[in-house]
2 protein chains.
Amino acid sequence: MLSEEYGLHRVVHPEGVLPQQAERLDPSLPLRDTELLIEVDSLNIDAASWAQIWRQGSADVQKVSKIIAAIVSTRGKMHNPTTGSGGMLMGRVSQIGARHPANSRLRPGDRIATLVSLTLTPLFIEEIRAVHPFTERVDVRGHAILFASGQYAKLAGDLSDAVALAALDVCGAPAQVARLAKPGMRVMVLGAGKSGTLSLAQAKRSLGGKGQIIAVDVSAPALQTLRELDFCDVAIQADATRGMEVMERVSDATGGALCDLVVNCASAPNTEMSTVLSTRKGGVALFFSMATSFTAATLGAEGVAKDLTLLMGNGYVPGHAELALNLLSTDDRLRKLFEARYPVVALTALPTSNSGAR
Amino acid sequence: MLSEEYGLHRVVHPEGVLPQQAERLDPSLPLRDTELLIEVDSLNIDAASWAQIWRQGSADVQKVSKIIAAIVSTRGKMHNPTTGSGGMLMGRVSQIGARHPANSRLRPGDRIATLVSLTLTPLFIEEIRAVHPFTERVDVRGHAILFASGQYAKLAGDLSDAVALAALDVCGAPAQVARLAKPGMRVMVLGAGKSGTLSLAQAKRSLGGKGQIIAVDVSAPALQTLRELDFCDVAIQADATRGMEVMERVSDATGGALCDLVVNCASAPNTEMSTVLSTRKGGVALFFSMATSFTAATLGAEGVAKDLTLLMGNGYVPGHAELALNLLSTDDRLRKLFEARYPVVALTALPTSNSGAR
């Protein structure tokens, strides 16, 4: 039955909508036989959501922890009500329903990461054990439920969990780039975070040395790293909320041609016009940033009378997890960068018994 | 100079952004020589914006009038701060700057409609003369400024201004459908308003009798009209915020195949999942509704692990105005429907001298 496969039975309010649209999910046990139970270790918070919570919590780990606990206890899922975005999680298989498709492929104790958003994953947090601001990760004790339709990746092999989780969280981005980027194209990636870096790594492979790759970010050190990895031909340090300035510099770098494909991986809002203006007439703008405003993108393109394809980055592409993990496994320098950025962190319990999640 | 062509000189706050992103524009005179001055007669408010204002104003024409006047006087443009959307306007050319591209094509006194959003058009309202709830139109006395990059259509010929304005407001939708719909496809249009109706009219032409056209709306009379126009093979009366229900009915109507192309023209929010779920794997979902949530669409598709192309409807397509007007000029029944829906209304001054726009 499709509605159970999609988890409608876990929706508390409003009735009849899908879990992603719901205000509140019910993460309580027992487990249904179409479900899979995960003993959760860590949440990887979406970049836009993290940035918002970090500001709201005044960059105080205790406050941030309380905000996250409050969202999960109110909504039954880590669905940021301000940004509308989530993230994903990592944990250990605890129980597999007899009718869940993973029944023949996973066993209790297997380590997995979910490939569906936290915005639709029933989640109960017993305790928040640590907050890792730099990696936007939160270690918890609790459980989550994966529906029959929910995608996952088994964690194993040569990559650390922290690195795999970081890559899997954004694996739709390089997979879409793999579909769209062709040799000879001018490709620009806005944002040098993890989705931006993996998108650049894939663009580099897809172009096969023919074409031009431009990276845009506000951070000079981030761009320096991309240059060292040889992931871009041109690195532009700019504030992407200033569309005209970005466009002028991209125009200079491309001899006025602008880009065939622009991939927006920014974590900050108001970068739609940089994307639209840097794309050539007839080109493709692919939005992966969860901070994207639909009206800003569509009315912005209309406002400057630019005929271009505006794509929303679908987070699901068949084979996306394998593609992202393969990028890391087959590129030593990229893997080392991710290992440095997403280290295996010893758990640090929060100072007081304040998880606030109960 | 590009920044002037795009109107950056009219941005009051925040500095350096494009007019669409600005909180406030300066619509004051004198006119620059790259600009065109329009004596405004009517605003066509975007459907999502209208629905929000109508609710906020408790369906009271006086209150609605004050809300609109307050937005325009605060922002220097009719940019609804809640929905982020605008609409377009109609008026008479009053003055043409020497360096504006329309200089050789228009003359003072010509009647034109703007094809760029009100969210980026500097606007000053002296008086609100009438509010037409049914047609989502507001008659005003005031002026607006069109930048050198701003698209417009000259009003002339066999269509009334009211009909032409209604069609031009949404002309990007049928123009995108013309690009995407091919004979043999299953095409679904969600929403039987003006953009939905024109999208169906175009789908009918593009399919050339081969394929299947499905219309979905909550209103039975609206669907009845579409059936009489022979614009759809199947009409489904449903609440599009209930994604699973819509999908099940579309699945029934298509023998389980679902649709190759789904065009979302809904004016209400939370219809993303109806769209995603009704699109077949590998198909295209085209979002024209200004109530579209980027996160709901992308995370929703990911959440149900559906590989489909998520397109944002770019309001600008070369030739879009001509295409929409041509649909009306060459189809008597469609034109009569629009004439009935968007009649030439005698101006009714609002009861008191309450325009509130000063």
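The sections below set out a description of the structure shown in this document.

About the thresholds
Residues numbered from 1 in each chain as written. Chains lettered and ligands numbered in written order. Predicted model: local features only at pLDDT ≥ 70, side-chain atom pairs only at ≥ 80, totals over all residues. Heavy atoms only, no water. Buried < 20%, exposed > 50% of the residue type's maximum accessible area, 1.4 Å probe, protein only. Helix = DSSP H or I, 4+ residues; strand = E, 2+ residues; numbered from the N terminus. Contact = heavy atoms within 4.5 Å. Least-squares fit on C-alpha atoms with pLDDT ≥ 70 in both. Buried area = accessible area lost by both parts, 1.4 Å probe. Salt bridge = Lys/Arg side-chain N within 4 Å of Asp/Glu carboxyl O. Polar contact = N/O pair within 3.5 Å; in protein donor to acceptor, adjacent residues only side chain to side chain. Nonpolar A, V, L, I, M, F, W, Y, C, P; charged D, E, K, R; others polar. Pairing = 2+ DSSP bridges. Axes fitted to C-alpha atoms, helices over the stretch in contact; angles between N-to-C directions.

**Quick word on helix 10 (residues 294–303) of chain B**
For step 1, the next point in the chain: Of all 10 residues making up helix 10 of chain B, 10 are buried, and the element is well covered by its neighbours.
For step 2, the next point in the chain: Where helix 10 of chain B is concerned, the buried positions are F294(B), T295(B), A296(B), A297(B), T298(B), L299(B), G300(B), A301(B), E302(B) and G303(B).
For step 3, the next point in the chain: Contact partners of the buried residues in helix 10 of chain B: strand 13 (279–287) and strand 14 (309–312) of chain A together with helix 9 (272–278), strand 13 (279–287) and strand 14 (309–312) of chain B.

**Description of the relation of the copies chain A and chain B**
Taken together, a rotation about one axis and a shift along it account for how the two chain copies relate.
For step 1, the next point in the chain: Once chain A has been moved 0.0 Å along the axis and rotated by 180 degrees, it coincides with chain B to within an RMSD of 0.0 Å. Such values leave the two copies arranged in the relation of a two-fold axis. In terms of proximity to the rotation axis, the leading residue of chain A is L311(A), whose C-alpha is 2.4 Å off the axis.

**Some remarks on unusual backbone geometry**
For step 1, the next point in the chain: The linkage connecting H13(B) with the following residue, P14(B), adopts the cis geometry, with an omega of -10 degrees.
For step 2, the next point in the chain: Looking at the secondary structure, you find P14(B) in the loop between strand 1 (11–13) and strand 2 (24–25).
For step 3, the next point in the chain: Geometrically, the link from L29(B) to P30(B) is a cis peptide bond, its omega value of 15 degrees lying close to zero.
For step 4, the next point in the chain: The phi dihedral of S58(A) is positive, around 50 degrees, even though this residue is not glycine.
For step 5, the next point in the chain: Look at N270(B): it is not a glycine, yet its phi comes out positive at around 65 degrees.
For step 6, the next point in the chain: With respect to the helices, strands and loops of the structure, N270(B) is situated in the loop between strand 12 (259–264) and helix 9.
For step 7, the next point in the chain: Relative accessible area serves as the criterion here: at 43%, N270(B) is assigned to the partly exposed category.

**So, the interface of chain A and chain B**
For step 1, the next point in the chain: Counting residues at the interface gives 57 residues for chain A, matched by 57 residues for chain B.
For step 2, the next point in the chain: Between chain A and chain B, a total of about 4,700 Å² is buried, with carbon and sulfur atoms accounting for 65% of that surface.
For step 3, the next point in the chain: Counting the surface chain A buries against chain B, the share from its top three residues, F294(A), E302(A) and M312(A), is 16%.
For step 4, the next point in the chain: At the surface where chain A touches chain B, the tally comes to two salt bridges.
For step 5, the next point in the chain: A salt bridge links D307(B) to R179(A); its shortest N-O distance comes to 2.6 Å.
For step 6, the next point in the chain: At the boundary of chain A and chain B, one finds 11 residue pairs in polar contact (both at pLDDT 80 or more).
For step 7, the next point in the chain: For the side of chain A that touches chain B, the residue count by class is 27 nonpolar, 24 polar and six charged.
For step 8, the next point in the chain: Sheet analysis places strand 14 of chain A next to strand 14 of chain B, joined by three bridges and oriented antiparallel. By the bridge assignment for strand 14 of chain B, L311(A) is matched with L311(B).

**Points about the sheet that holds strand 3 (residues 36–45) of chain B**
Residues and elements named next belong to chain B.
For step 1, the next point in the chain: Sheet architecture is open: six strands sit in the order 6-7-3-4-5-8, paired in antiparallel fashion. Two strands in the sheet have a free side with no partner beyond their single neighbour: strand 6 (123–132) and strand 8 (152–154). Direction aside, neighbouring strands of the sheet carry axes that sit 30 degrees apart on average.
For step 2, the next point in the chain: The pairing of strand 3 with strand 7 (residues 137–146) spans eight bridges and is classified as antiparallel. Each residue of the ladder has a partner; that of S42, found in strand 7, is D139.

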